[in-house]
Amino acid sequence: MSEHHTNYKKIYFILLGLLVLSILGPEIGIVWVTLVTAFGIALVKANLVIQNFMHLRWEKSIMKWMLATSLVLMFLLFAGVAPDVMQ
């Protein structure tokens, strides 16, 4: 098994910094800038958590494919059910 060393404190402080940015973002007052930065920061934070805290960075490719497949199926289910539920 290969050894991997992750500096969890560094990742934690990066996540805290991104949290502060996402909280201060709405203070700008421009809606589309706030939305783009909020979703962009959310994607970066989700990637950091998935790659490091869920250890997906060191998993085999099959686990990454399983995660991607489950997300695609979840969105397909939502797209299929949404027209009925939202009426």
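Here we summarise the structure given alongside this text. (Residues numbered from 1 in each chain as written. Predicted model: local features only at pLDDT ≥ 70, side-chain atom pairs only at ≥ 80, totals over all residues. Heavy atoms only, no water.)

### A short note on the overall build of the protein
Secondary structure assignment for the protein yields three helices and zero strands. Starting at the N terminus and walking to the C terminus, you meet the elements of the protein as α-α-α. Its C-alpha radius of gyration of 17 Å places the protein more than 25% over the 12 Å reference for a compact globule of 87 residues. Overall size of the protein, expressed as C-alpha extent along the three principal axes, is 50 × 35 × 15 Å. Residue burial in the protein is summarised as follows: out of 87 residues, 14% are buried. Of all intrachain contacts in the protein linking residues separated by at least 6 positions in sequence, the fraction that spans at least 24 positions is 53%. Total accessible area on the protein stands at roughly 7400 Å², and carbon and sulfur atoms take up 74% of it. Of the charged side chains in the protein, 6 are positive and 4 negative, and the gap between their average positions amounts to 12 Å. (Helix = DSSP H or I, 4+ residues; strand = E, 2+ residues; numbered from the N terminus. Rg over C-alpha atoms; globule rule 2.2 N^0.38 Å. Buried < 20%, exposed > 50% of the residue type's maximum accessible area, 1.4 Å probe, protein only. Contact = heavy atoms within 4.5 Å. Areas by Shrake-Rupley, 256 points an atom, 1.4 Å probe, with all protein chains shown as cover. Lys, Arg positive; Asp, Glu negative; His and termini not counted. Charge placed at Lys NZ, Arg CZ, Asp CG, Glu CD.)

### A few points about a nonpolar patch on the surface
Judged by side-chain polarity, Y12, F13, L16, L19, V20, I23 and L24 come together as a nonpolar surface patch covering roughly 670 Å² of accessible area. Within the secondary structure, L24 sits in helix α1 (residues 8–24). (Patch = residues over 30% accessible without salt bridge, like charges linked within 9 Å, V, L, I, M, F, W, Y side chains within 5 Å. Salt bridge = Lys/Arg side-chain N within 4 Å of Asp/Glu carboxyl O.)

### Quick look at the nonpolar core
In this structure, I11, L15, L18, I41 and L48 together form the largest nonpolar core, which totals five residues. Elements represented by at least two residues in this core include exactly α1 and α2 (31–53). A per-element tally of this core places α1 first, with three residues. In contact with L18, other than residues within four places in its own chain, are I41, V44, K45 and L48. (Core = buried A, V, L, I, M, F, W, Y, C linked by side-chain atoms within 4.5 Å.)

### Topic: α1
Taking 1.5 Å per residue as the helical rise, α1 with its 17 residues ought to reach 24 Å, and the 24 Å between its terminal C-alpha atoms agrees with that figure. I11, L15 and L18 are the residues of α1 that are buried. Buried residues in α1, looked at end-on, bunch into an arc of 65°, giving them a common side. Residues of α1 that are exposed and angled more than 90 degrees away from the buried face: K9, K10, F13, I23 and L24. Here the buried face of α1 lies against α2. (Expected span 1.5 Å × (residues − 1). Arc of directions from axis to C-beta.)

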